Structures are given as C-alpha cells and as structure tokens.
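# Observations on chain architecture
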Amino acid sequence: YDHLGVHKGRMYPGSDDNASGVAALLALATYFQAHPPRHTLIFAAVDHEEQGMRGSQQLFDGKLLIPQQLALNVNLDMLSRDSKARLFAVGTYQHPALLPLLQPLQQDSLVAVKFGHDRPASLVGQTQDWSSASDHAVFARQGVPFVYFGVPDHPDYHQPTDTFERADLDFYHKVSETILSALL
C-alpha cells in the first residue's frame, strides 16, 4: 500500500514508504486482537496516498467512517529508517491536548521522539509542515484529531532503491514499540 509501484518500467518497492507503516499496522492489529483495548480501534490500510489520498478519502465518501464517531486518527507512514534515530509525532500543534499524552514517550522510548513538522511556515520558516503530507490530512479536514508518526525523507525516498535491505530493523522495532506504547 501507498507506494509508487511500477513507474516508467522501473519498480519502486516502497519498503519505507510505506510497507513499514503497513507492517506496523498489521503487528499492532495482531497485538490488540490478543489484548483487547478498552476502546474500539479500527485498523485501516488505505492505498493511493501518493495519488491524492484517494483511499482515505473514500473512507468518508463511502460513509464507512463518520467523523463525529472518531476520537483520533493515528497515521503510520515511513517508520523504518533515520540516520539520527528520530521518530516524529506530528499533530500536537493542531491538537495540544495530545502533547501530555505523548510526552512520556520522549523519556520511555529507545528512539528520539520529536514533536514538530506541524506548524505553518509563517511560524517556523524553512521547517517542512507535514500536517497535510499523508492520509491524516483527510481526517483533519473532517475535523478528526490526528497524530502522524513518521521519519524524515532519506536518499531512497520515492526511489527504486527504497528496498527492505536498506531498512534499519533495530530502529524499526524500537519505533514500533514506541507506537504501541503511545496507543496503550
């Protein structure tokens, strides 16, 4: 899901963008199936993020999800590698109530959990705003609070070289554990 596929005769495997998010989603769904949470969780793998977020938009257009019935969207997109071992939690600027829930991750996680990439350029200058960079933007437009977990772009982003061999599996495991802690 959510990768470029074959483009001009070349395969773009999308290992980090976004097989890493889909694999984490499946692992989390397996965990919560064995350990039922107190609140309802919906796990949705949507496609066509790169083509205008059509998969996530269809969740609302097709009336599969009703915005007023959703408390939070957690989006997992690009999780398997960062040379500085950082995981960004985006969305606390728009939804400051999430900050005290996510801040403990900074002390408890084995990766550096960072906040940011969610403020307008008028406030931060050259720092990229990821608030509308992935499927969480569709939920935000519907009025649903969001937190987006992801890593910065790397040289293999949207390249045929975004392969499994380039993933940092130790980092990815720590990131997945951190996201599980956030959900718990």
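This structure is a prediction, so every number in the text was calculated from the model and none was measured.

We now examine the environment of Ala137. Within the secondary structure, Ala137 sits in helix H6 (residues 136-141). On the basis of relative accessible area, Ala137 is assigned to the buried category, the value being 4%.

Turning to the nonpolar core, a few remarks are in order. By size, the foremost hydrophobic cluster in this structure holds 22 residues, and its most contacted members are Leu76, Leu79, Leu87, Leu102, Phe149, Val175 and Ile179. The set of elements that each furnish at least two residues to this core consists of helix H1 (15-34), strand E4 (86-90), strand E6 (146-150) and helix H7 (169-183). For this core, the leading source of residues is H7, giving five residues. The contacts of Leu87, once residues within four sequence positions are left out, are Leu79, Val111, Ala112, Val113, Lys114, Phe149, Gly150, Val175, Thr178 and Ile179.

Topologically, Pro67 is positioned in the loop between helix H2 (54-61) and strand E3 (73-76). Its relative accessible area of 16% is what places Pro67 among the buried residues. A sequence separation of 25 residues divides Pro67 from Ile42, and the C-alpha atoms of the two residues are 13 Å apart. Discounting residues that sit within four places of it in the chain, Pro67 has contacts with Phe60, Gln142 and Val144.

With that settled, consider the side chain of Ser134. Structurally, Ser134 can be placed in the loop between helix H5 (121-124) and H6. Polar contacts involving the side chain of Ser134 include one to the side chain of Asp77, which spans 2.6 Å.

A separate point is the pairing of E6. Summarising burial for E6: five of the five residues are buried, a large majority. Both faces of E6 are covered, namely the face carrying Phe146, Tyr148 and Gly150 and the face carrying Val147 and Phe149. Two strands pair when backbone bridges link them, and E3 and E6 are joined in this way by four bridges, in the parallel orientation. Of the residues in E6, the one forming a bridge with Asn73 is Phe146. Where E4 lies against E6, three bridges are found, and the strand directions are antiparallel. Paired with Val90 across the strands is Tyr148, a residue of E6.

Each value, and the rule that gives it
Residues numbered from 1 in each chain as written. Predicted model: local features only at pLDDT ≥ 70, side-chain atom pairs only at ≥ 80, totals over all residues. Heavy atoms only, no water. Helix = DSSP H or I, 4+ residues; strand = E, 2+ residues; numbered from the N terminus. Buried < 20%, exposed > 50% of the residue type's maximum accessible area, 1.4 Å probe, protein only. Core = buried A, V, L, I, M, F, W, Y, C linked by side-chain atoms within 4.5 Å. Contact = heavy atoms within 4.5 Å. Polar contact = N/O pair within 3.5 Å; in protein donor to acceptor, adjacent residues only side chain to side chain. Pairing = 2+ DSSP bridges.

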